[in-house]
Every structure is written in structure tokens, then in C-alpha cells.
Amino acid sequence: MDNTTLTTLAGIMEYAVPILFAAIGENFIEKSGITNLSVNGTILLTAMAGFVVALNTSSLLLGFLIGALIGMAVAAVVAFSSITLKQSQVAIGFILATLCRDLAYFLGAPYNNKPGIFLTKTPIDFLVDIPVIGPIFFNHHVLVYASYLFIILAYVYLYKTRPGLQLQGIGERPAAAYNRGVNVNFQRYMYTLVGGALIGLAGPMYSLAVKIGWSGQLSGLDGVGWIALAITIFGGWHPLRVAFGAYFFAGLQQLGITLQSNTNIPIQILQAAPFPLMIFTLLLVNIGRAEWVERELAAMPEKPRLIVSKILRMLRTSPPASLGIPFERE
Amino acid sequence: MNIELRNIHKWFGKVHANDDISLKITSGTIQGILGENGAGKSTLMKILSGFIHADSGEILLDGNLVKIKSPDDAIRLGIGMLHQDPLDFPPMRVIDNFLLGQHGGLFLNRTQVEKQIQELSQKFGFQINPDAYVETLTVGERQQLEILRLLWMGVRILILDEPTTGISANQKEKLFATLVTLAKQDLTVIFVSHKLEDVQGLCDRVAVFRQGKVAGELTPPYNTDEFIQLMFDKEIKIGAKTTACRPEPLLRLENIGIEDYRLRLRNINLTLYRGEILGLAGMEGSGQKLFLQMLAGIKRPVCGKIMINDVNYAGKRYENFLKAGISYIPASRMEEGLIPGLTLTEHFILSEEHNELLISQKEALNLTQSRINDFRIKGVPYSKVEQLSGGNQQRALLALMREKLNLILMEHPTRGLDIESSIWIWKKMKERCADCTSIVFISADLEEIIQYSDRILVFFGGMVSEPIDANTTSVDELGQLIGGIGW
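I will try to describe carefully the structure that is included in this document. Because the structure is a prediction, the values reported are computed rather than measured. (Residues numbered from 1 in each chain as written. Chains lettered and ligands numbered in written order. Predicted model: local features only at pLDDT ≥ 70, side-chain atom pairs only at ≥ 80, totals over all residues.)

1. Some details on the interface of chain A and chain B
The accessible area lost on association of the parts is a frequent measure of interface size. The following threshold applies: Our contact criterion uses C-beta atoms placed from the backbone: two residues qualify when those atoms are within 7 Å. Helix numbering and strand numbering both begin at the N terminus, where a helix is a DSSP run of H or I of at least 4 residues and a strand a DSSP run of E of at least 2. Basically, the charged four are Asp, Glu, Lys and Arg, the nonpolar ten are Ala, Val, Leu, Ile, Met, Phe, Trp, Tyr, Cys and Pro, and anything else, Gly included, counts as polar.
Each partner contributes residues to the interface: chain A has 24 residues there, and chain B has 24 residues. Within the residue set of the side of chain A that touches chain B, elements represented by two or more residues are α7 (162-172), α8 (174-179) and α14 (291-299) of chain A. In terms of residue count, α7 of chain A provides more of the side of chain A that touches chain B than any other element does, 6 residues in total. Here the side of chain A that touches chain B is composed, by residue class, of 7 nonpolar, 8 polar and 9 charged.

2. Brief notes about the sheet that holds strand β8 (residues 188-193) of chain B
All names here are of chain B. Here is the rule we go by: Strands pair, by our definition, only if DSSP identifies at least two bridges between them. Between N-to-C directions, angles cover 0 to 180 degrees, with each direction set by a line fitted to C-alpha atoms, over the stretch in contact for helices.
Taken in spatial order, the 6 strands line up as β6-β7-β8-β3-β9-β10 in an open sheet, and their pairing is mixed. Either end of the sheet is taken by a strand with one partner, and the two such strands are β6 (79-82) and β10 (213-218). Neighbour-to-neighbour, the strand axes of the sheet open up by a mean angle of 20°, direction not taken into account. Relative to strand β7 (residues 157-161), β6 runs parallel, the two being bridged by 4 bridges. Each residue of the ladder has a partner; that of Met81, found in β7, is Ile159. Contacts from helix α5 (residues 139-152) reach β6 and β7 within the one sheet, and its direction differs from that of β6 by about 175°. Across the sheet, helix α8 (residues 224-232) lies against β3 (30-34), β9 (205-210) and β10, angled at about 35° from β9, the strand it touches most.

3. Some thoughts on unusual backbone geometry
Between Pro220 of chain B and Pro221 of chain B the backbone carries a cis peptide bond, its omega angle lying at -5°. For Lys86 of chain A, which is not glycine, the phi dihedral falls at a positive 55°. Its place among the elements puts Lys86 of chain A in the loop between α3 (60-84) and α4 (89-108). With a phi angle near 40°, His412 of chain B is a residue other than glycine that sits in the positive phi range. Note on placement: His412 of chain B falls in the loop between β17 (407-411) and α15 (419-434).

4. As for the sheet that holds strand β1 (residues 3-12) of chain B
Residue and element names in this part refer to chain B. Pairing in this open sheet of 4 strands is antiparallel, and the strands run β2-β1-β4-β5 from one edge to the other. Of all the strands in the sheet, the pair left with one neighbour each is β2 (15-25) and β5 (64-66). Neighbour-to-neighbour, the strand axes of the sheet open up by a mean angle of 30°, direction not taken into account. Strand direction decides the pairing type here: strand β4 (residues 56-61) and β5, joined by 3 bridges, are antiparallel.

5. Remarks on the environment of Lys41 of chain B
Residues and elements named next belong to chain B. The residue Lys41 is located in helix α1 (residues 41-48) in this model. Sequence separation between Lys41 and Glu411 is 370 residues, and the spatial gap between their C-alpha atoms is 25 Å. Those residues within four positions of Lys41 in sequence are excluded, and the remaining contacts are Ile33, Gly35, Val192 and Phe209.

6. Considering the pairing of β1 of chain B
All names here are of chain B. When β1 meets β4, the two strands line up antiparallel, connected through 5 bridges. Paired with Arg6 across the bridge in β4 is Glu58. Where β1 lies against β2, 7 bridges are found, and the strand directions are antiparallel. By the bridge assignment for β2, Phe12 is matched with Val15. In textbook terms, the turn of a hairpin is the stretch between consecutive antiparallel strands, and for β1 and β2 this stretch comprises 2 residues, one of which, Gly13, has a positive phi near 60°.

7. A few points about the nonpolar core
Threshold: Joining buried Ala, Val, Leu, Ile, Met, Phe, Trp, Tyr and Cys residues through C-beta atoms within 7 Å gives a set, and that set is a nonpolar core. Exposed residues have 12 or fewer other C-beta atoms within 10 Å of their own C-beta, buried residues have 20 or more, and partly exposed residues fall in between, where C-beta atoms are placed from the backbone.
Core analysis: the largest hydrophobic core is formed by 144 residues, its most contacted members being Ile19, Leu20, Phe21, Met205 and Ala246 of chain A together with Phe191 of chain B. Here the element with the most residues in this core is helix α1 (residues 3-31) of chain A; it accounts for 13 residues. Sequence-distant contacts of Phe191 of chain B, that is, excluding residues within four places in its chain, are made with Ile30, Gln31, Gly32, Ile33, Leu160, Val199, Leu202 and Cys203 of chain B. Listed in part, the 64 residues of the second largest apolar core include Leu250, Leu265, Ile308 and Ile372 of chain B.

8. Examining the environment of His53 of chain B
Residue and element names in this part refer to chain B. Along the chain, His53 falls in the loop between α1 and β4. According to the C-beta neighbour criterion, His53 is partly exposed, with 14 such atoms within 10 Å. A sequence separation of 413 residues divides His53 from Glu466, and the C-alpha atoms of the two residues are 53 Å apart.

9. Examining the packing of helix α12 (residues 344-351) of chain B against helix α13 (residues 361-374) of chain B
Residues and elements named next belong to chain B. Put simply, the rule reads: Orientation labels follow simple angle bins: below 35 degrees gives roughly parallel, above 145 gives roughly antiparallel, 65 to 115 gives roughly perpendicular, and whatever is left gives oblique.
Between α12 and α13, whose axes approach to 9 Å, the crossing angle comes to 105°. With respect to α13, the element α12 is oriented roughly perpendicular. Where α12 approaches α13, its residues Leu344, Thr345, Phe348 and Ile349 are matched on the opposing element by Ala364, Leu365, Leu367, Thr368, Arg371 and Ile372.

What follows is the structure, encoded as C-alpha cells:
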């Protein structure tokens with residue numbers, strides 16, 4: 001494998017990290033039945049705040065910490081208004097998304113384009129020397145390694161532990177979970193805050209590691225939060241599929257960067273292409289639901305019909321049944 | 001366990017749902033709670049199972065005063081309730097439904113619980129695969145699942161809220177046998193229903209509820225008239241069987257095929273006559289609903305012709321079916337039939353054909369009021385539909401139908417309704433038939449099918465029977481066909 005390919009693949013592993021944390025964080029929130037649409041604003045605000053705090057205190061750790069705290073604070077607003085006040089989750093999410101973005105640009109303006117501190121690579125001895133695998137997976141900063149562990153942990157927690165099972169329950173049918181002795185609203189608060197913290201980490205991951213620095217609107221971060229939201233849906237609220245979605249999107253972005261230097265395709269197309277491609281994939285995944293597809297399938301001969309419908313059914317995802325619906329006992 | 005309820009009161013706003021209810025239930029018996037919709041049965045059971053709290057009153061278990069603050073408390077005290085719509089998690093596996101309520105460590109003990117489920121299922125002759133997804137089970141199996149789960153949680157008092165709604169005759173028999181076994185093992189079973197024949201066939205003692213109060217208690221031998229007198233405070237009789245069927249065909253199906261992910265129906269041929277009532281029988285999910293939705297123009301057939309007046313309607317849009325005078329009344333009243341949040345008047349405005357931009361409120365109000373009177377809906381034109389009781393919602397749905405119709409399609413027209421409402425609804429439908437309208441309906445209640453149909457189609461595992469004459473068949477024969485015997 002030549003060097004360009006290796007760099008591209010390694011780049012995917014790195015570029016996917018912030019989206020991964022944000023999308024899986026959102027996954028936890030939505031599994032509990034709450035929609036948090038503020039992701040995009042949260043990432044911008046925490047990217048700025050993490051950068052500024054790390055610059056002023058010379059501590060990367062404090063930069064990440066403030067990101068998690070701000071993420072939690074934004075999520076707390078969502079949780080309070082939707083769980084306690086039973087207000088529209090969509091409305092509050094949109095307002096926060098816009099508010100946080102504008103706050104980030106406004107408050108961060110004095111720090112635009114300042115040189116700051118950032119996370120350096122820490123290749124893992126021995127492992128990095130394995131041909132092909134080493135340079136792709138083990139020649140990164142520590143966040144990338146953390147992301148590998150995080151995906152596995154998220155999966156195990158959700159599907160192999162008792163609290164994870166309860167989490168699925170409260171988003172699916174809160175009344176039934178309550179009937180089994182689960183404190184639905186308390187858990188919804190908890191997961192919204194935890195998920196918020198994870199989303200909040202995504203900001204500093206960009207500004208301190210993946211896309212180093214802060215340059216206001218030119219940072220190029222506006223939009224990734226919405227993509228993270230889409231990936232949560234595309235991933236069918238399943239951490240492994242969400243992770244796949246994050247790598248897929250990062251792959252499209254990396255491909256754009258590689259093609260940019262090697263071909264004559266206009267740069268605008270390469271920058272914009274990942275977004276429509278993402279939409280197209282979303283469509284493909286859920287196409288099995290459409291009535292005309294069912295009719296076309298019915299007309300097919302038996303054998304291919306069974307194979308195709310099996311694949312479509314596997315791809316098909318359904319949201320937690322009570323997503324966005326407040327829980328009331330009576 | 002012995003239960004004693006003392007002077008239970010519960011208000012919902014201005015409605016006195018439970019008005020000074022006192023009741024004693026002894027261990028090892030099956031206690032029936034009978035009453036029409038809105039009589040306060042469910043409210044009392046929700047209080048007993050911790051879902052809601054009484055405004056005043058006491059609950060004693062084996063003579064000890066207890067406070068039940070949540071369903072979790074109730075389970076700890078040994079009280080479990082099977083809700084009308086079983087409170088389970090459809091997209092999850094059976095075993096996860098068990099594990100979710102279990103207290104314990106971080107990780108799940110799947111193998112152990114799986115073994116326990118299998119042992120319990122065997123003990124009661126249920127066939128429940130712990131790895132099956134709940135959404136693939138029938139309502140009857142989901143009930144069995146909940147009963148097993150509650151027993152597994154150590155419940156000594158089992159409350160069943162309208163458990164025979166939506167299950168087949170076979171499953172009902174099995175359920176009753178299970179309940180008798182449980183009572184023999186000294187469990188207390190509380191059986192809530194609005195169906196006379198169910199409580200008569202099963203219960204050791206029956207408390208009849210009327211308007212939030214205990215109207216009286218009866219013990220065997222039971223007398224139906226006595227029950228009806230207590231339930232309604234008046235006498236009610238089912239009318240004799242009549243037919244309005246004429247020899248003119250309304251619609252002809254030619255080699256129709258319908259299918260979805262799970263089912264394939266093929267080669268359906270049928271001629272439906274004017275004024276005829278056609279009943280569709282079968283276990284839930286055997287294709288009756290597909291058939292009905294095909295007639296409604298909601299589900300397109302994959303092959304064949306739907307001929308109405310020599311025009312093929314297969315593949316046409318829903319609006320064309322509406323124009324042809326076909327009206328569909330779905331089973332889920334609140335999800336598909338009515339629009340929560342809108343008032344009765346607004347519903348009537350929506351359902352009438354209007355071409356002008358502005359709505360004449362006065363005209364609409366008049367129309368609504370006259371229909372409310374005509375259909376005896378308990379409500380005012382400004383009532384939001386979700387505030388109406390089930391029976392009144394069904395009446396509202398019927399009242400919404402256009403004046404002149406050729407075909408009415410109904411799914412479980414009287415499910416969850418008390419006898420009085422059911423009889424009344426069928427009286428209204430018969431009036432329509434006399435007016436040349438045909439009716440096709442699905443019901444899980446075989447007696448209803450035989451009583452009101454002219455002909456019957458039975459659905460089983462992707463097969464559709466030839467039309468059966470309702471005058472010459474019996475509940476037993478239909479029951480066997482539904483169960484797959486005699487094909």
C-alpha cells in the first residue's frame with residue numbers, strides 16, 4: 001500500500017473521532033426518549049471554549065473539561081424544558097443550536113487565528129511497527145485510541161448490561177419501564193446530561209487535536225453537528241452502526257481532501273459532496289419501508305425476493321418508540 | 001392472599017371514578033369485576049397495582065394495612081397487573097422483557113433466566129421462545145408472556161384488565177384454564193371485564209360496577225338478566241337475526257393477490273352483493289386486515305381485479321375508492337380514525353365535502369349537534385375527541401360517515417364496547433344495509449360474526465376459505481377452521 005492511501009486511511013480514523021463521540025452521545029440521549037437538536041451549536045461553542053481555556057491555562061485537560069461541562073449545561077436546558085416542563089424538544093433544540101453557534105462566534109472573536117496549544121501524537125510502541133495496521137490505527141494522538149475503547153464500551157453498556165437494558169426500555173415504552181420499577185424521568189435526565197457531556201467533548205477534540213485552532217466562521221465546523229445527528233438516525237440508534245456511519249462520513253471527507261490534490265474536480269464540489277451522499281445513504285437504508293418497493297419485491301421471483309427483502313429488513317431501522325414524547329404516569 | 005378494600009375514592013377532575021368502593025376478595029378465588037365502559041373498574045385496578053393513587057381509602061392485604069406508591073411497590077407486595085394492552089417492549093426479545101424488571105448486578109444473567117422461562121412455560125403449557133421478539137407474538141401470546149413474567153416476579157395476586165379483548169377463542173380457553181390452575185395454587189385472581197359470558201364462565205364471585213360504585217355482588221348460579229339489571233339498571237335484549245341482502249352484485253374480486261412482508265394471499269375470488277354483511281374471521285394477522293385494506297384502496301393488490309360497476313379499481317388511489325362510496329373504519333380509533341386535539345365539530349367539517357375556503361361555523365355546529373343527537377354521543381360539539389369514552393368515540397366515527405355509501409369496511413366495530421353500545425351500533429349498521437349498503441367487517445368475536453353476517457370468510461395461514469353461510473355454521477366449526485382444522 002502506498003503512502004497516500006495509508007495517510008488517507010489514518011486520516012479517517014482521526015477525523016471520525018469527534019463525530020463519533022457526538023453521535024454516540026446523542027445516541028444515548030435519544031435512546032432514553034429525548035431529542036437533543038442542539039448538537040451543532042454545542043460543538044461550536046465547546047470548540048471555541050476549549051481552545052480559549054487551554055490557551056489561557058496551558059492545560060489541555062482543562063480545555064476538554066470545560067467542553068464537557070458546557071455540553072452538560074446545554075443538555076441540562078434541553079432536559080429541564082422537555083422532561084420537567086414538557087415543552088417541545090424540537091423548538092428548544094433549534095433555539096439552543098442557533099444561540100450556541102452565535103455565542104461561539106461572538107465570544108471567540110478575540111481569539112480568532114491565535115496560535116494555541118494542541119495534542120501531539122503518541123504512537124503506541126511496538127503496535128505502530130506492524131505493517132499497514134500500525135500506521136493506520138496506532139500512529140495517532142490518545143483520543144483516537146480512546147475512541148476505539150469508547151465504541152466497544154458503548155455497545156456493551158447498551159446491550160449487555162442491566163442499566164443499558166433499562167435505557168432501551170425507557171425510550172421504547174416508558175410506561176412499561178415504570179411498571180417494572182424504573183425511575184423514568186430521573187434516568188432520562190441522567191442520560192441527557194451524560195450524552196451532553198460526550199457531545200461537549202467533540203468541540204475541544206476538533207480545536208485541540210483534529211482541526212487545530214479557532215478561526216471563527218472559517219473554522220469549518222459549522223454543520224458537523226447536524227451530520228452527527230443524521231448519523232445517529234442512519235445508525236439506527238445502535239452504537240456500532242453509528243460508529244460505521246461516522247467512519248463513512250469521515251471517509252467521504254478524506255476522499256475529498258485526497259482528490260483535491262490529485263484531480264481537477266472543483267474544490268466546492270468535493271467539499272459539498274459528503275452531505276448529499278450522506279442523505280442518499282439515509283434514503284437507501286430506509287427504502288424497504290416504501291410501499292412501491294414492497295410491490296416491486298412482490299413481483300420478483302422467490303429466491304432473489306427473499307434475499308433482497310432480508311437485506312432491506314436488516315438495514316431498516318426504527319427509532320425508540322417514545323422518542324420526543326414526555327412521560328406522564330396517568 | 002386476601003385483599004380488603006375499604007372506602008376507596010378517586011376523582012378525575014369532576015368525575016367521581018371510584019365512589020366509596022369497599023370489596024373483600026379471598027385467597028384462591030377468581031373474582032370477577034363486571035361493568036360497562038367507564039364504570040370505574042380500571043381505575044380501581046390501577047389503584048391496587050400502584051399506577052395511580054386513591055384520594056382516600058385503605059387497602060389491606062391479609063389484614064395488614066399497606067401503602068402502594070408505585071407498580072414496583074405493588075410487585076414487592078405480590079400484586080401484579082396484566083394491562084389490557086400488555087405493558088411489554090415489542091421490539092425486544094422475550095427474555096429482555098423479563099430481565100428489564102429484575103433487580104440485580106451490572107451484567108445480565110441470561111442463561112439462568114432463559115432456563116427459568118422455559119421451566120415456567122412448560123409448567124403452564126405455554127409455548128414461548130425466550131429468544132423470540134415480542135412484536136412477532138400474537139396478543140394472546142403477549143398476555144401469556146406477561147402472566148409468566150408476573151408469576152416469575154413472585155406475584156400472589158394477579159389482576160387481568162379486559163384480557164379477552166383481541167384474543168382468539170382458543171387462546172381464551174387456554175387463558176381460562178391457566179387462571180383456574182393458578183387459583184387452585186391459592187393465588188388470588190381478579191378478572192376485569194365488560195363481557196357477561198366471560199365472567200359467567202370463569203368467576204367464583206362477581207362484583208358489578210355501575211357509575212363508580214359497586215352495584216351488587218353475585219355468586220353462582222348466575223342469571224344473565226340479573227347481571228344486566230345491575231350493570232345498566234334496565235333490561236336489554238339482542239334483536240332477532242335479519243338480512244337485507246339483495247341479489248344485485250356490488251363488487252367482484254377476480255384472482256386477487258395481496259401481500260406484505262409476512263403474508264401472501266392468492267387467488268381470491270368473490271362477489272359481494274348489495275346490502276350484504278360479510279364477516280371476516282381468523283386469528284389476528286392471518287390476512288383479514290390486508291383484505292379489508294385492499295377493499296378500502298389503502299393496500300394495493302399485487303395482482304387481480306377489483307370490479308365495481310365494470311370498472312377495475314385495482315391500483316387506483318384511495319380517493320377513487322372514497323368516490324365509489326367506500327368507507328373504512330379502522331380498529332385503532334385514536335390513531336387512524338379520529339384526530340386527537342380536534343373537536344367533534346372540526347371532525348364533521350373535515351369529513352364533509354366542501355369547496356369553499358371559509359367554514360360556516362353555524363352550519364357546522366348545527367350539523368354536529370344533530371348528529372350528536374342522532375347517534376346519542378355523550379358529548380357537546382366542542383368536546384375534543386380524546387375526551388370521549390371508547391364507546392362514544394366509536395359512535396362518533398360512525399356519525400362521521402357520509403350520507404350515502406355503497407360499502408362500509410369495519411375492523412373490530414365493537415371491540416372494547418359494552419353490550420348496550422354494541423347492540424346499538426349494529427342496529428345503526430343494519431339500517432344502512434336496508435338502505436342498500438354492504439358491510440365487510442373483521443371481528444375476533446365469533447358470536448358477533450355469526451349473529452350479524454350473511455356470509456363469512458375464514459382466514460388461516462395465508463389461505464382464504466370459500467364464503468360460508470352464516471345460517472348453517474356454528475362457533476365450533478368456525479373455531480376449528482380458524483385453528484387450521486378442516487381445510
